[in-house]
Structure formats: structure tokens, C-alpha cells
Amino acid sequence: MLKKLIAKLRKTIAPSSVAKSPQKPASSKTSGADQHPSRRAQGGASNRRREDRPRSGQDRSREPRESGSSGSGRSRGSSSSSSGGTRGKPGGRQRSERPAPQPQPAATPKPRKPSREQPDVPKVESAFTQLGLSDRVAYAVQEKGYNEPTPIQAQAIPLVIAGKDVIGSAQTGTGKTAAFALPILQRLGSRTGHPRCLVLEPTRELALQVEEAFKQYGKHTNLDVTVIYGGVGYGKQREDLDQGVDVIVATPGRLLDHMEQGTVSLSGVEILVLDEVDRMLDMGFLPDVKRIVSKTPKNRQTLFFTATIPPEIASLASWALRDPVEVKIGQRRSPAETVAHAFYPVVASQKFELLLTLLEATQFKSVIIFCRTRMGADRIAHRLIAAKHTVGVLHSDRSQRERVESLEGFKSGKFEVLVATDIAARGLDIAGVSHVINYDVPENPEDYVHRIGRTGRAQTTGEAFTLVTEDDVRNARSIERYINAQVERKKFKGFPYVYSALFDESAQQSAKPASRLTRGARR
């Protein structure tokens, strides 16, 4: 009975649902629209919008936008359809015609500096021409007032002219710069317009000084020299390199910058000079130096010049030089014989007072005062200015402009005193320095030799004073052991000393030299 009833219901329901199914959307909307007339218009419009949309799988016609059109989507569509560019057409996508791009003119290389004519010079007969220098180079030396070569120059110049690799070591102030600059100018001859000589220097001041030496000794040639160092802009340096130079004097860091930027190539370098090699090692330039050396030709001539030859240089020399000839002048660790130097013991509280007393009692032309730290140099300079002294300051925290102004002012006599850190201790050739005062004892004994070597240069005499406090006794003993000589202790007559064990010579003799492991440690 139940089965018959279910079958009857299926017969009555199935035909009605099949008949109504095609009208389902319309009947449902109609029934809803009868109760809400306002929805009828909305529903019809929405249906029309849905019917207008192409379904997935159907071909959609997308009209390309015209470049530069700023109208609405319809205006873009109508304008593009009028041009006939649609994707759905059988011919494929058609683009609006655009003018062909004009070829860009090739960048014209910057013109290189034309070669100058070499001026005529008179015939020169001197000790320098006998070493193998040409009249052009020897005449420039003669104009600077040099008649006899120094020992390092007499031995090194013939070797460099002959193309030998050289390791030259001599006491500071003996003319090492001319020992390599003069024969290099002789070997280069005339201008070619690409770097053939590279000189590496540890500091900006030394780089500027060596560049000036090359220009002065080579002023009767047509060779071009430029200097590359940090702390200034790249513009002038790039301009010089673009115009072509024969000699580059550079500090390692800025030269690597130019190499990475592609503004300089070392592939044509014939002569490589590492000047003040010991200072470059102390400043941590060894990795940079090796990178630079590796970019130069292997068949180059290599020259090392330094005041001291620490053991670390031996390994670098074995890698960079080929069968070098070593030239050693004087004792390696001794101060120049033209410098009289002494220690002045004093308690720390009277240190500046003794400095002023020494300055007032000394007939000095120009004096360099060395401090251990940059803050200490600034502090001493301010106190000296307050005491009516004209003072220049030179250390690494000063800008390049300030450093140049201080150095040039000291050389010209504008400043009677130059307060500096060890940045001024190596290689700087400042004529007429009559006195050097070590306000702070250097922690490294070799720096003592370099500091006091700023006076007594070029066969002149000079004096050096070192103020020694209780904390400096061990470093003072290290200096004496380094130079293998005892330095005289002096007391200034009439100075109101505060008594200290410093004045007991037996106590100082018993003090042990400072160990290298403790140097630089905070006290």
C-alpha cells in the first residue's frame, strides 16, 4: 500500500517540476517582484549585465590602450576600436604604428692631454750626471741646490736605472724620496699617456709630498704626475686619469676604489714603488697592498724604501720582488747623528708647565710637538694658543683641508708650533725644523727614531726633548734598548720640580723595558 502511494506521488510531482524547470529563474523572480515592484527593475538590470558578460571559454575582445590617452575606459575603447587594433581579429594583434627610435650617438671619449714639448736645458756636469741621470733631471736637481748625492742616493740611483729590484733602508732624513724619484724619471723618459709608474704611500701627506717631488724633479720633462688619496672628492682624480698620466702616487684605499670603478688600469705599470713599507704594515695595509700588487704585470721593476726593515717585510719582499739588491745606509735603529736628544723627567702634574718653560728658554725656529692621542693633541694645542703661541694641529680626525692648512702654514712660518700625532712622524720632509718635543713618550720605540728624525735633516743639526713621567719609565727603557744606547737625563735649571723617584737614576735603571704585549693597553 505504501509503495503504491509513493509511486503515485512521483508521477504527479515529476512532470510538474520538469515543466517548470525552464521557467525557474523567471518564476522565482516574478514571484519576488510581485511582492516588491522596485526589485523587479533592479533584478532585470542585473540579469542583463550578467548576460552581457562573456562566460569563461568564450572569446573576449580586448582593445589596446593608446599611449598618452588620458580619458576614461570607454573613450580609450572607442578610440582604439576606430583604429582597428583588436586581439580577436584573424590577423592577430595589431599595434598602433610608432616612430622608429633614433639611434643614439656614441659617447665620444674625453680628449687626452696633448704631449708638451720638452724644454731645452743646458749641459750639466755634476755628481748626479755621473750616476747616470740625464741633463733634464740633473738640471732640476741643481736648481734645488743639491750638488752631492746622499749615500742612499749614490748607491740606489745606478741600480734603479739598471732595472734592478731594490730594497733601500736608511735613517730618516737622508733623501730616500730622491733616491727612487730621480732614476724613475730617467727611465720613463717622455710622456706616453698611460700609467707606467705607481708609488704607494701610507698617508695623504706623504703622497702629496712625493707627488710634489716628482713634479719638481721632472719639470724639464713632459711627464705627467697625479696623486690619488682619500678624504677628498673623486672628480679631479678621475679627470687626471682620463686625460692620461705617467706616474701615479696613491694611498692604497682610494686607489682600490678607482680600480673597482674601472677608472684606472695597472696593466701597463713598469715600475712599482712601496715607500715607507714599515709604516704601511703598521697601519694594516698589507692585504690592500697585496691586492694592488697582484694587478700589476709580473715583469715589473719593484722598489722597497723604508727607514726600518722589520721581519714582516722579508716575507712581503720574497713575494713581490725578484732577486732584490739590498742597500743599507747607517745603523738600522739609531737616530741620525745630526740630532741631539735627551730625556727630561717630570711628574705628570708639571708636564705642561715644563713644556712652556722649554719653549720660552729655547731659541727655536719651528718646533713639532708629538702627542700620543688625537684628543691630547687638541688639548695641548688649545693651551698653547692660550699662551700666545701660533699653533697648527695635524692628526687623522682633522679634515683634509685642515690638515693641508696646518702643514702649509707650518712650512711657511705662519705657525711656529705644529702639534701632531705619529701621522707626522714618518717621511714628512719639513725644512727648518729646529726642535722636536715628545710630549708623550711613544709606545713603540721605532716611532721614537722617526719622530726625532723630523729635525736634523739634510745635513743640518737639531735637538729633541722627551718628557718622561712615572708612567713612561718602562717605555723609555725600551727606547734605549732599541737604539742600543743610553739617553741622557736632563733637568732644567731653575724649574720648580716636584720631587719624584724619577730623579733617582738607580730606580730608572732597574725598571724593566715595556713588553710589546702591554703596549697600547689602558692604564
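As a reminder, the structure under discussion sits directly above these lines.
Analysis parameters
- Residues numbered from 1 in each chain as written.
- Predicted model: local features only at pLDDT ≥ 70, side-chain atom pairs only at ≥ 80, totals over all residues.
- Heavy atoms only, no water.
- Phe/Tyr/Trp six-rings, centres within 6.5 Å; stacked < 30°, edge-to-face > 60°.
- Helix = DSSP H or I, 4+ residues; strand = E, 2+ residues; numbered from the N terminus.
- Buried < 20%, exposed > 50% of the residue type's maximum accessible area, 1.4 Å probe, protein only.
- Lys NZ or Arg CZ within 6 Å of the ring centre and 35° of its normal.
- Axes fitted to C-alpha atoms, helices over the stretch in contact; angles between N-to-C directions.
- Parallel < 35°, antiparallel > 145°, perpendicular 65-115°, else oblique.
- Left-handed = near helix turned anticlockwise from the far one by under 90°.
- Contact = heavy atoms within 4.5 Å.
- Nonpolar A, V, L, I, M, F, W, Y, C, P; charged D, E, K, R; others polar.
- Pairing = 2+ DSSP bridges.
- Salt bridge = Lys/Arg side-chain N within 4 Å of Asp/Glu carboxyl O.

Asks: What exactly am I supposed to notice about the packing of aromatic side chains here?
Replies: Remark: the centre distance and the inter-plane angle together describe each pair of aromatic rings, the angle taken between the planes. With the rule as written, the count across this model stands at 5 aromatic pairs. Pairing Phe 180 with Phe 305 gives two aromatic rings, centres 5.3 Å apart and planes at 50°, and the pair type is tilted. Remark: Phe 305 occurs in strand β6 (residues 301–306) and Phe 180 occurs in helix α8 (residues 176–188); sequence separation between them is 125 residues. Phe 305 shares its class with Phe 180; the two are buried. Judged by centre distance (4.8 Å) and plane angle (70°), the rings of Phe 495 and Tyr 497 are edge-to-face. Exposure class is identical for Phe 495 and Tyr 497. Each is buried. Ring-pair connections join several aromatic residues into one group, and the members of that group are Phe 180, Phe 214 and Phe 305. Positioned over the ring face of Tyr 234 is Arg 254, at 3.9 Å from the centre of the ring. Between Lys 290 and the ring centre of Trp 319, over which it is positioned, the NZ or CZ distance is 5.7 Å.

Asks: Before we go on, may I ask you to explain the packing of helix α15 (residues 351–361) against helix α16 (residues 374–386) in this structure?
Replies: Running from N to C, α15 and α16 point in directions that differ by 55°, and their axes come no closer than 12 Å. For the element pair α15 / α16, the angle class is oblique. In the crossing of α15 with α16, the sense of the turn from one axis to the other is right-handed. Every residue of α16 that contacts α15 at Phe 352, Leu 355, Leu 356 and Leu 359 is listed here: Ile 380, Arg 383 and Leu 384. Partitioning the contact of α15 with α16 into residue classes produces 6 nonpolar, no polar and 1 charged.

Asks: Is there a simple way to think about the sheet that holds strand β3 (residues 225–228) in this case?
Replies: The pairing of strands in a sheet happens through backbone hydrogen bonds and is either parallel or antiparallel. If you trace the 7 strands from one edge of the open sheet to the other, you get β3-β4-β2-β5-β6-β1-β7, paired in parallel fashion. Each edge of the open sheet is held by one strand with a lone partner, namely β3 and β7 (325–329). Shown here is a sheet whose adjacent strand axes are inclined to one another by a mean of 15°, direction ignored. As judged from the 4 bridges shared by strand β2 (residues 197–200) and strand β5 (residues 271–275), these two strands associate in the parallel manner. Bridging across to β5, Val 199 finds its partner in Val 273. Contacting β1 (166–170), β6 and β7, helix α7 (residues 151–161) crosses the sheet at an angle of about 170° to β7. Here helix α9 (residues 204–217) sits on the sheet and contacts β2, β3, β4 (247–250) and β5; the angle it forms with β3, its principal contact strand, is near 180°.

Asks: In this structure, what is going on with the sheet that holds strand β8 (residues 339–345)? I would like to understand it.
Replies: Pairing is parallel across the open sheet formed by 6 strands, whose spatial order is β8-β13-β12-β9-β11-β10. Edge positions in the sheet fall to β8 and β10 (391–394), since each of these pairs with one other strand and no more. Across the sheet, the mean angle from the axis of one strand to that of its neighbour is 20°, orientation sign disregarded. Taken strand by strand, α15 contacts β8, β9 (367–370), β12 (435–438) and β13 (462–468), and its axis lies near 165° from that of β13. Against the sheet, helix α19 (residues 473–483) contacts β8 and β13, and its axis sits at roughly 155° relative to β8.

Asks: Teacher, can you tell me more about the environment of Pro 445 here?
Replies: Tracing the sequence through the fold places Pro 445 in helix α18 (residues 445–452). Overall, the relative accessible area of 4% leaves Pro 445 in the buried class. Expressed as a C-alpha distance, the spacing of Pro 445 and Ala 476, which sit 31 residues apart in the sequence, is 8.2 Å.

Asks: Help me understand the pattern of salt bridges in this model?
Replies: Any two side chains of opposite charge can pair if their charged atoms end up close together. Scanning all chains against the criterion turns up 17 salt bridges. Between Asp 135 and Lys 123 there is a salt bridge, with the nearest N and O atoms lying 3.9 Å from each other. Placement of Asp 135 in helix α6 (residues 135–143) and of Lys 123 in the loop between α4 (73–83) and α5 (127–130) is noted, with a sequence separation of 12 residues between them. Note that Arg 372 is salt-bridged to Glu 443, the shortest N-O span being 4.0 Å. Of this pair, Arg 372 sits in the loop between β9 and α16 while Glu 443 sits in the loop between β12 and α18, and the two are 71 residues apart along the sequence. Overlapping salt bridges, with partners in common, bring together Arg 372, Glu 443 and Asp 472 in one network.

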